[in-house]
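Topology and contacts: notes
Here's the letter readout for the chains.
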Number of protein chains: 2
Amino acid sequence: MMKYPLTITSILNRARIYFPRKEVVTRLPGSIHRYSYADLYTRVCRLSNVLSSLGVEKGDRVGVFGWNTYRYLEAYFAAPCMGAVVHTINIRLAPNDLVHIINHAKDKVLLIDEDLLPAIEAIAPRLETVKQFVVMTDDEIASQGLPNAHDYETLMAQASDSYDFPELGEDDPAGLCYTSATTGDPKGVTYSHRGLYLHTLTQCMTDSLSLSERDVILPVVPMFHANTWGVPYTSAFLGATLVLPGPRPDAAAVCNLIQQEKVTISLGVPTIWIGVLDYVARSEGSCDLSSLRSLVSGGSAVPPYMFRAFDDMGIPMTHAYGMTEATPLVTICNYKSHMESWDDDAKMNVRVKQGLPVAGLEIRLVDENGTDLPWDGVNSGELLVRGPWVAGEYLDDERSGDTFIDGWYHTGDVVTVDPEGYVQIVDRAKDMVKSGGEWISSVDLEAAIMAHPAVYEAAVIGIPHDRWQERPLAYVVPTAEHRDSLDRDTVLAHLEDKFARWWLPDDVIFIDEMPKTAVGKFDKKVLRQQYASAAPTAPTTSGGTQ
Amino acid sequence: MMKYPLTITSILNRARIYFPRKEVVTRLPGSIHRYSYADLYTRVCRLSNVLSSLGVEKGDRVGVFGWNTYRYLEAYFAAPCMGAVVHTINIRLAPNDLVHIINHAKDKVLLIDEDLLPAIEAIAPRLETVKQFVVMTDDEIASQGLPNAHDYETLMAQASDSYDFPELGEDDPAGLCYTSATTGDPKGVTYSHRGLYLHTLTQCMTDSLSLSERDVILPVVPMFHANTWGVPYTSAFLGATLVLPGPRPDAAAVCNLIQQEKVTISLGVPTIWIGVLDYVARSEGSCDLSSLRSLVSGGSAVPPYMFRAFDDMGIPMTHAYGMTEATPLVTICNYKSHMESWDDDAKMNVRVKQGLPVAGLEIRLVDENGTDLPWDGVNSGELLVRGPWVAGEYLDDERSGDTFIDGWYHTGDVVTVDPEGYVQIVDRAKDMVKSGGEWISSVDLEAAIMAHPAVYEAAVIGIPHDRWQERPLAYVVPTAEHRDSLDRDTVLAHLEDKFARWWLPDDVIFIDEMPKTAVGKFDKKVLRQQYASAAPTAPTTSGGTQ
């Protein structure tokens, strides 16, 4: 066979050659922006020239800090196709984390949405490697608060619209994304061209999401999350219409986009779909989502009522499961053909699971000693994954060895696998809270709370939440002398300058003694049970500002 | 990303782990054989042990000479997964060609269907590398005419049912298939694990054949043809039910299988579908093919009447196009979404084309100087192809340099490409006749005819044929002294011991002078025109014994 590398450039070229008139649609404030894949290609060439002129060379990282728009999409292709790396930065990170990952990634250029400038301006003096800032705006408004700031469209207009993309090796890095750690700084995952290409092929399979050129695909999942779950590359490879929801997509915006653009499939976290259900209920029939053939939900488990609510609208919802380390697809929950005739209850027992591993990945279920457990749907253990789009290490990170062991990625998720091979998450080995699809480290919160002089011990657990799926709740044992004086507001105020606002616990519960396990660790299982029995009709908290 | 090789072993394991109860169904004389993918896996382990015990080592070739059955399927997996190579031998080759390819491939072991033994017994003394012959039979009947002959099931029964498959490199050879040359011996194409794996992924795309676990797939295309067009590997990867048509599948057998096994998609050459149409017409409504969601036709162009005839039965027929050198998929003719609303005539203009290149391949359209031609549906030129499942050379063959040039495979097919990217074959640069999906070299026939002392000049052209799509027709200029005495039967008798019977021209037409081009070459275009004007209601010939 020929030596033929699997690259993002091939994906871009397929859109250009066979689907030049298909569209990329972006919701902007007050308007809809449309252009074709032919336009995308030309703009990717321009952006490649722009990045070259800003000093970006092979292997350099280009950071992007923005909402889902066509400009972000241009960076998704330009950086990898010119041999550089697109670093997708989570706009919800706390300032310290932003500083860390941008410096750690050694980003050379940062592309920033205009309305997100304040977050970058605030940390600019601490960024050690960024040489140039480019503001993604229609206007000629370069930031006053940034050195070497340019505006995107001025640079684009000056650049040539052709670019001779280099031949690349398929193992060359193409993308970079950081994921929160249980403790310590976020960890970076580098995506190769090969990994992204193979992930794309698998996503195009009939038995994964059945994506096709016919689809109008709306990724509500942010483009800074694990390659937008693969959607930008898959859409281009297929020539599917891609609809990008732009800044701050709320339920109304998502519903309107689906209706106006006749979206056939949309992907996002359950928090989005909770909002959509609520919006539809309030719209009194004026909201028509009938163009949808499928909704894909990932990031947290979908409760049965949500499946049923969308069923009632004639819209099948499908579970997908993955993580930053796996590009991200690991499982998708489709029925096997012999299940099609099952009754609704039996089918629901399948749907609530995370699904079958997608074709190309291998999984194992192991106990704490690494011994394989039976796939009986009962025994739970840690899920291990390997395959061509699974990371082999974290970028320049000593912690890699804790997670990538003997060729297997240890997910930290505690799951069962049933005899059919369907994975179901039952707990999380990583001590993390997942709020609205984003990770919150309970360990980091606990350490910060316990740094307060009036706190003796503190533990943070995730509790169920209607909108955000899970929110952090703090249990605090005050020191003896502050047993009667420490209050909730003092604890939260102490955290305010250390974390993003949405990380702060929704509440603080004071207890006299911390339950502990046999080896003296905080026993969060007991705390969760206490919470559940105290609040049997949970969730009750109101917080969260994502 | 992890180093994770793309191998046939992964494909086999997916069937074993997730779809162990799905079936492989084989039509045998007078019965239907069924077993599950779990059984297949066990039998593949046994066969791997058998082959090891017969001396097969990493890289060795295992030849298979048989019909589409489960035993052939076992070889499709056992040889590659143990690190050897499955050499699929065309059972329709002439003895000299068989001897050549088996010796050239250095086959160490030959697996032979019992009813095909005579063909191998006749050439056994000339086989230089084959150490062991294994007869694929239910009975304990080792061939009397072969040295070192074993029977398959006795060896299998003695072998262990577990096998520790080795770790392989994805570029390791997995398969081998020979293709007829315009002149000279057949040329061998080696398939790597990587190439076959990526071909499988592409075949699983919604926008290629939409194959899924739900499908019941019947490849009528022989397993000795270009990896059965990829079907065995794709079926296992998906867990689809695979139906194998066994020995000598005629139209009745194919129709009965479709009806009994509720086949949803079947693949074969137009000759098969002509027979099916005829059989259905004669069955007076007793033949129910309503389980079919798709028929895939490749190997030759499908005439519009055939599309329409299947349309009338509610069965969409789809063109696919490829070749041995491309594993084989190159194009599939699906509509783009914007064509769905076109009227029937406009759609037919798309359907008769060979289709869009499948995702992952690149094509070029070039003139005789290698200059790219416009994709306007008018300009015709040679089709060049490259991609990860396209051969880079012929196996140990000096002719490789004529076909694989500067990283592109030169197909020898003269095509147009329309502005949408759809390829249509308009002529063949290779001087070959394609009869019932098999190649016949007109150059070889001509050379043999001209070797007759009474022949001065001879040219062979392909003429349209109802059943075989194309059949060879010889034009002969006798020498002056034999102008009145040479007859058809003498010419054909002269060819009989040199070629397979189905290669012989259907007729011989004697002419006084051979039309020639400006540079003195036989002008076959003029001969084709003469034939067409003499026989405007072609086809008329009756021959062919495939």
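The rules behind each value
Residues numbered from 1 in each chain as written. Chains lettered and ligands numbered in written order. Predicted model: local features only at pLDDT ≥ 70, side-chain atom pairs only at ≥ 80, totals over all residues. Heavy atoms only, no water. Buried < 20%, exposed > 50% of the residue type's maximum accessible area, 1.4 Å probe, protein only. Helix = DSSP H or I, 4+ residues; strand = E, 2+ residues; numbered from the N terminus. Pairing = 2+ DSSP bridges. 1 Å grid on protein atoms, 1.4 Å probe; cavity = no way out; pocket = protein on both sides within 12 Å on 5 of 7 lines; lining within 4 Å. Points joined across faces, edges and corners; volume = space filled by probe spheres on them. Least-squares fit on C-alpha atoms with pLDDT ≥ 70 in both. Contact = heavy atoms within 4.5 Å. Polar contact = N/O pair within 3.5 Å; in protein donor to acceptor, adjacent residues only side chain to side chain. Axes fitted to C-alpha atoms, helices over the stretch in contact; angles between N-to-C directions. Parallel < 35°, antiparallel > 145°, perpendicular 65-115°, else oblique. Left-handed = near helix turned anticlockwise from the far one by under 90°. Nonpolar A, V, L, I, M, F, W, Y, C, P; charged D, E, K, R; others polar. Domains from an automatic or database assignment. Buried area = accessible area lost by both parts, 1.4 Å probe. Salt bridge = Lys/Arg side-chain N within 4 Å of Asp/Glu carboxyl O. Expected span 1.5 Å × (residues − 1).

Quick look at the pairing of strand β12 (residues 265-268) of chain B
Residue and element names in this part refer to chain B.
- Along β12, one buried face is formed by I265 and L267 and the opposite face, lined by S266 and G268, is buried too.
- Alignment of strand β10 (residues 216-219) against β12, held across 3 bridges, turns out to be parallel. By the bridge assignment for β12, P219 is matched with L267.
- As judged from the 4 bridges shared by β12 and strand β13 (residues 294-297), these two strands associate in the parallel manner.

Some words on empty space enclosed by the protein
- All chains considered together, the criterion is met by 3 cavities of 30 Å³ or more.
- Its boundaries defined by the atoms lining it, the largest cavity holds a volume of some 210 Å³.
- Lining the largest cavity we find 19 residues, and of these R14 and F19 of chain A together with D207, N334 and L356 of chain B sit closest to its centre.
- Put simply, the parts of the chain that give the lining of the largest cavity at least two residues each are α8 (231-238) of chain A together with β16 (356-357) of chain B.

Comments concerning the relation of the copies chain A and chain B
- Turning chain A through 180 degrees and shifting it by 0.0 Å along the axis lays it on chain B, with an RMSD of 0.0 Å. Within this description, the copies of the chain are treated as partners about a two-fold rotation axis.
- A high fraction, 100%, of the interface residues of chain A reappear at the interface in chain B, so the copies pair face to face through one surface.

So, the side chain of R471 of chain B
All names here are of chain B.
- Note on placement: R471 falls in strand β25 (residues 469-478).
- Since its relative accessible area comes to 1%, R471 is described here as buried.
- Within the structure, the side chain of R471 is placed 2.9 Å from the side chain of D506, a separation counted as a polar contact.

Some remarks on helix α7 (residues 193-203) of chain A
- For α7 of chain A, a buried count of 11 out of 11 residues is recorded, marking the element as mostly surrounded by other parts of the structure.
- Inspection of α7 of chain A places H193, R194, G195, L196, Y197, L198, H199, T200, L201, T202 and Q203 of chain A among the buried residues, and these make up the whole buried set.

Examining the packing of helix α1 (residues 8-18) of chain B against helix α8 (residues 231-238) of chain B
All names here are of chain B.
- The interhelical angle for the contact between α1 and α8, taken along N-to-C directions, is 45 degrees, at an axis separation of 6 Å. Taken together, the axis directions place α1 and α8 in an arrangement best described as oblique. Here the hand of the crossing between α1 and α8 comes out left-handed. Side by side, α1 and α8 meet where I8, I11, R14 and A15 of the first sit next to Y233, A236 and F237 of the second.
- Looking at the contact of α1 with α8 residue by residue, the classes come out as 6 nonpolar, no polar and 1 charged.

Notes on the domain arrangement of chain A
All names here are of chain A.
- Domains assigned within chain A are domain 1 (8-193) and domain 2 (432-534).
- The C-alpha-based centres of domain 1 and domain 2 are spaced at 37 Å.
- Facing 9 residues of domain 1, the contacting portion of domain 2 comprises 10 residues.
- Both sides of the domain 1 and domain 2 interface together cover about 790 Å² of buried area, and 47% of this is carbon and sulfur.
- Counting the surface domain 1 buries against domain 2, the share from its top three residues, R92, S180 and T182, is 55%.
- Inspection of the region where domain 1 meets domain 2 yields 1 salt bridge.
- We note a salt bridge from R92 to E438, for which the minimum N-O separation is 2.8 Å.

Side note on helix α3 (residues 70-81) of chain B
All names here are of chain B.
- With 12 residues, α3 extends 16 Å from end C-alpha to end C-alpha; this agrees with the ideal 16 Å at 1.5 Å per step.
- Here α3 lies mainly inside the structure; 12 of its 12 residues are buried.
- Residues of α3 that are buried: Y70, R71, Y72, L73, E74, A75, Y76, F77, A78, A79, P80 and C81.
- A positive backbone phi angle near 100 degrees is found at G83, which sits one or two residues after α3.

With respect to the sheet that holds strand β14 (residues 317-322) of chain B
All names here are of chain B.
- The strand order across the open sheet built from 9 strands is β2-β1-β11-β10-β12-β13-β14-β15-β16, with neighbouring strands paired in mixed fashion. Each edge of the open sheet is held by one strand with a lone partner, namely β2 (31-36) and β16.
- The sheet contact formed by β10 and strand β11 (residues 241-244) spans 2 bridges and is parallel. Bridged to V216 within β11 is T241.
- Contacting β1 (23-28), β2, β10 and β11, helix α9 (residues 251-261) crosses the sheet at an angle of about 170 degrees to β10.

Some points on the sheet that holds strand β8 (residues 173-179) of chain B
All names here are of chain B.
- Strand order in the open sheet made by the 7 strands is β7-β6-β5-β3-β4-β8-β9, with mixed pairing throughout. Unpaired on one side and paired on the other, β7 (149-151) and β9 (187-192) mark the two borders of the sheet. Adjacent strand axes in the sheet meet at a mean angle of 25 degrees, parallel and antiparallel pairs treated alike.
- Summarising the sheet, strand β6 (residues 132-136) and β7 pair through 3 bridges and their orientation is parallel. Looking across to β7, one finds that V135 is bridged to D151.
- Helix α4 (residues 95-105) rests against β3 (61-65), β4 (85-88), β5 (107-113) and β8 of the sheet, and its axis sits at about 155 degrees to β8.
- Running at roughly 75 degrees to β9, helix α7 (residues 193-203) makes contact with β8 and β9 of the sheet.

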